[in-house]
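Chain and residue survey
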Amino acid sequence: MARQRTIEHEKSVEGVGLHSGERVRLTLKPADAGAGLRFRRVDISDRDNVIPAHALCVSTTQLGTNLTNAAGVSIATVEHLLAACAGMGLDNALIEVDGPEVPILNGSSLPFCQMLDAAKLVEQSALRRRLKILKPVEIVDGPKRVRLSPGEGFKV
């Protein structure tokens, strides 16, 4: 059974937001097992500034993926960072950002993968939770279709 992972060392990067054009600083910090990936907008202090990186928090997907919490605080352009976290197996981290969106850096996930590598992923005591597809799930939107089916392995 695989165990959850966080980072051993805090790491930061600065860059420009693709859509806002604002200079932003992003800092990855270790988090406890079970905490998940959470963004904290450190530039906001008058309401809840923590935004879980959870599908239920996705507010828009046009020109990027944006997450918004119940207090209306949002973080934009999270997809490259979250792809790096998923690809490298990071389960728990606090991601502090001092602006409205994640910096675009070179436009790929590679700088975030390098950042995670430098932060050193470490195992935690808790087991990693996995989803198991028990019955087919299909979404159709006009000519677009996606289907998940029970079975062994993965195919597209």
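The structure this text deals with has already been given above.
Below: a short report on this structure. For clarity, every value in this text was computed on a predicted model and none was experimentally measured.

A contiguous nonpolar patch, built from Ile133, Val137 and Leu148 and spanning about 220 Å² of accessible area, is present on the exposed surface. Given a relative accessible area of 44%, Leu148 falls into the partly exposed group.

At a minimum axis separation of 8 Å, helix 1 (residues 79–88) and helix 2 (residues 110–119) run at an interaxial angle of 50°. By the criterion of interaxial angle, the relationship of helix 1 to helix 2 is oblique. Where helix 1 crosses over helix 2, the two elements pack in a sense that is right-handed. Note on element contacts: helix 2 touches helix 1 through Phe112, Cys113, Leu116 and Asp117, opposite His80, Leu81, Ala84, Cys85 and Met88. Here the contact of helix 1 with helix 2 is built from residues that sort into seven nonpolar, one polar and one charged.

We now examine unusual backbone geometry. Among all residues save glycine, negative phi is the norm, and among peptide bonds the norm is trans. Phi at Leu63 is positive, roughly 65°, even though this residue is not glycine. The residue Leu63 is located in the loop between strand 6 (58–60) and strand 7 (66–68) in this model. Residue Leu63 is classed as exposed on the basis of its relative accessible area of 69%. A positive phi is found at Lys120, a non-glycine position, where the angle reads about 60°. Looking at where Lys120 falls in the secondary structure, it is placed in the loop between helix 2 and strand 10 (121–127).

The strand order across the open sheet built from three strands is 6-7-8, with neighbouring strands paired in antiparallel fashion. Either end of the sheet is taken by a strand with one partner, and the two such strands are strand 6 and strand 8 (74–75). Where strand 6 and strand 7 come together, two bridges link them in antiparallel fashion. Following the sheet pairing, Val58 is matched in strand 7 by Leu67.

Judged by pairing direction, the sheet is mixed, and its five strands sit side by side in the order 2-3-9-4-5 without closing on themselves. Both outer strands of the open sheet, strand 2 (11–16) and strand 5 (50–52), are each paired with one neighbouring strand and no more. Across the sheet, the axes of successive neighbouring strands diverge by a mean angle of 20°, strand direction being ignored. The pairing of strand 4 (residues 37–41) with strand 9 (residues 93–97) spans five bridges and is parallel. Paired with Arg38 across the two strands is Leu94, which belongs to strand 9. Strand contacts of helix 1: strand 3 (23–30), strand 4 and strand 9, with the helix running at about 150° to strand 4, the strand carrying the most contacts. Here helix 2 sits on the sheet and contacts strand 2 and strand 3; the angle it forms with strand 2, its principal contact strand, is near 160°.

Thresholds applied
- Residues numbered from 1 in each chain as written.
- Predicted model: local features only at pLDDT ≥ 70, side-chain atom pairs only at ≥ 80, totals over all residues.
- Heavy atoms only, no water.
- Patch = residues over 30% accessible without salt bridge, like charges linked within 9 Å, V, L, I, M, F, W, Y side chains within 5 Å.
- Areas by Shrake-Rupley, 256 points an atom, 1.4 Å probe, with all protein chains shown as cover.
- Salt bridge = Lys/Arg side-chain N within 4 Å of Asp/Glu carboxyl O.
- Buried < 20%, exposed > 50% of the residue type's maximum accessible area, 1.4 Å probe, protein only.
- Axes fitted to C-alpha atoms, helices over the stretch in contact; angles between N-to-C directions.
- Helix = DSSP H or I, 4+ residues; strand = E, 2+ residues; numbered from the N terminus.
- Parallel < 35°, antiparallel > 145°, perpendicular 65-115°, else oblique.
- Left-handed = near helix turned anticlockwise from the far one by under 90°.
- Contact = heavy atoms within 4.5 Å.
- Nonpolar A, V, L, I, M, F, W, Y, C, P; charged D, E, K, R; others polar.
- Pairing = 2+ DSSP bridges.

As far as function goes, none of this settles anything; it's purely spatial.
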